[in-house]
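An overview of the molecular structure
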Amino acid sequence: MNDIVRDRDAMSNIIILNVRRAIAYLVLAILTFAALFPFYTMIINSTRKHTEIQSGFSFFPGSWADFYRNFMNAINDPTIPIMTGMVNSLIIAVAAAFLCVYFSAFTAYGIHVYDFKIKKFCFTFILIIMMVPTQVSAPGFLNLITRMGLMDTFWPLILPAIAAPVTFFFMKQYMEASLPLEIVEAARIDGCNEFKTFNRIVMPILKPAIAVQAIFSFVANWNNYFMPALILETANKKTLPVLIAMIRSADFLTFDNGKLYVFIMLSILPVIVVYLILSKFIIRGVTLGAVKG
């Protein structure tokens, strides 16, 4: 009798577990659909004519001829130089991401490895800066770069990426979890100087964290609209978010919606490519960086 009861309880537990698993999969499927549906809509509408888009949504794409026409109209639009904007955004995003990741890791290395009197103060001060919004310091920053003659250049959008408190904090937490000080001491005993130790020993250990922060920094600078809109004035120097924002001033009665969806698709394509290249490091980097070992 006891065996029958145990078997029945075991069967009930299996059924409950399977039901919970089915519900979890269903919720994940719904969330995945909700997240990917806008991208699907964008791709579908980029292959349709303006009149077809106005007539309503369709689950089926249009013709390749319509997509080619929309694409050529987008890249040949004289009022919105989309390809120039992509190049400008790519230059700024790549350079800023490199400076952000490298110097943030270098700063975190100094705070993590060295012991000095104001170490705790420096760490706290950097965290305080992390809480200051960009909009608060924007007027003073614009006044500074105007005096330095850097208005309408890429430098004010690239060089400030060196000071990235959020990236620094992530790198610091990652080092505490995965960078034993014994490794640094061993390198010093072998005669390796500090720069060589950081570049050849520490940087490979930080590869997952670097990949994660490179993605975040690239996306943030690629999608940045606020500062480029204030700094860049020449049409050929404007970044992609600024150019896309210019579409708002267009006459929507005569504007081609098919071309608009191609604009949007081109704006997110580099982000997807970067994510796919570095995505294998994300889970490992976030997990190790968030949990102190």
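Residues numbered from 1 in each chain as written. Predicted model: local features only at pLDDT ≥ 70, side-chain atom pairs only at ≥ 80, totals over all residues. Heavy atoms only, no water.

1. Observations regarding empty space enclosed by the protein
Scanning all chains against the criterion turns up 1 cavity of 30 Å³ or more. Taken as a whole, the largest cavity spans an internal volume of roughly 70 Å³. Along the walls of the largest cavity sit Ser89, Ile92, Ala93, Leu157, Asn221, Trp222, Asn224, Pro228, Thr239 and Pro241, which together make up its complete lining. For the lining of the largest cavity, the elements supplying multiple residues, two or more each, are α4 (82–113) and α11 (207–222). Here the element with the most residues in the lining of the largest cavity is α4; it accounts for 3 residues. (1 Å grid on protein atoms, 1.4 Å probe; cavity = no way out; pocket = protein on both sides within 12 Å on 5 of 7 lines; lining within 4 Å. Points joined across faces, edges and corners; volume = space filled by probe spheres on them. Helix = DSSP H or I, 4+ residues; strand = E, 2+ residues; numbered from the N terminus.)

2. Overview of the environment of Met203
Mapping Met203 onto the fold places it in helix α10 (residues 194–205). For the pair Met203 and Phe106, spaced 97 residues apart in sequence, the C-alpha to C-alpha distance is 9.2 Å. In this structure Met203 touches Tyr102, Phe198 and Ile210, once residues within four positions along its chain are discounted. (Contact = heavy atoms within 4.5 Å.)

3. Digging into helix α14 (residues 257–278)
An α-helical turn contains 3.6 residues, so a residue and the one three or four places further along point in the same direction. Over its 22 residues, α14 extends 33 Å from the first C-alpha to the last, a length consistent with the 32 Å expected when each residue adds 1.5 Å. At Ile268, α14 shows its strongest bend, of approximately 30 degrees, with the proline Pro270 following within four residues. Among the residues of α14, those classed as buried are Asn257, Gly258, Lys259, Leu260, Val262, Phe263, Met265, Leu266, Ser267, Pro270, Val271 and Val274. (Expected span 1.5 Å × (residues − 1). Bend = angle between axes of the 7 residues up to and from the residue. Buried < 20%, exposed > 50% of the residue type's maximum accessible area, 1.4 Å probe, protein only.)

4. Side note on the pattern of salt bridges
Under the definition given, this model contains 5 salt bridges. Arg188 is the partner of Glu194 in a salt bridge, and the nearest nitrogen-oxygen pair spans 2.9 Å. Sharing partners across several salt bridges, the network here consists of Glu185, Arg188 and Glu194. (Salt bridge = Lys/Arg side-chain N within 4 Å of Asp/Glu carboxyl O.)

5. Comments concerning the state of the cysteines
With the rule as written, the count across this model stands at 0 disulfides. Between Cys100, a free cysteine, and Cys122, which holds the nearest cysteine sulfur, the sulfur-to-sulfur gap is 19 Å. A residue is classified by how much of its surface remains accessible, and Cys100, at 5% relative accessible area, is buried. Exposure remark for Cys122: the relative accessible area of 22% places this residue in the partly exposed category. (Disulfide = S-S within 2.5 Å.)

6. Brief notes about the layout of surface pockets
Considering only enclosed or pocket space, the largest pocket measures out at about 1,100 Å³ in volume. Taken together, 34 residues make up the lining of the largest pocket; nearest its centre are Thr134, Pro160, Ala163, Ala164 and Pro165. At the level of elements, α4, α5 (119–130), α6 (134–147), α7 (155–158), α8 (165–178), α11 and α12 (226–231) are the ones that each hand at least two residues to the lining of the largest pocket. Of the residues in the lining of the largest pocket, the class split is 25 nonpolar, 9 polar and no charged. (Nonpolar A, V, L, I, M, F, W, Y, C, P; charged D, E, K, R; others polar.)

Shape is all these values report; function is a separate question.
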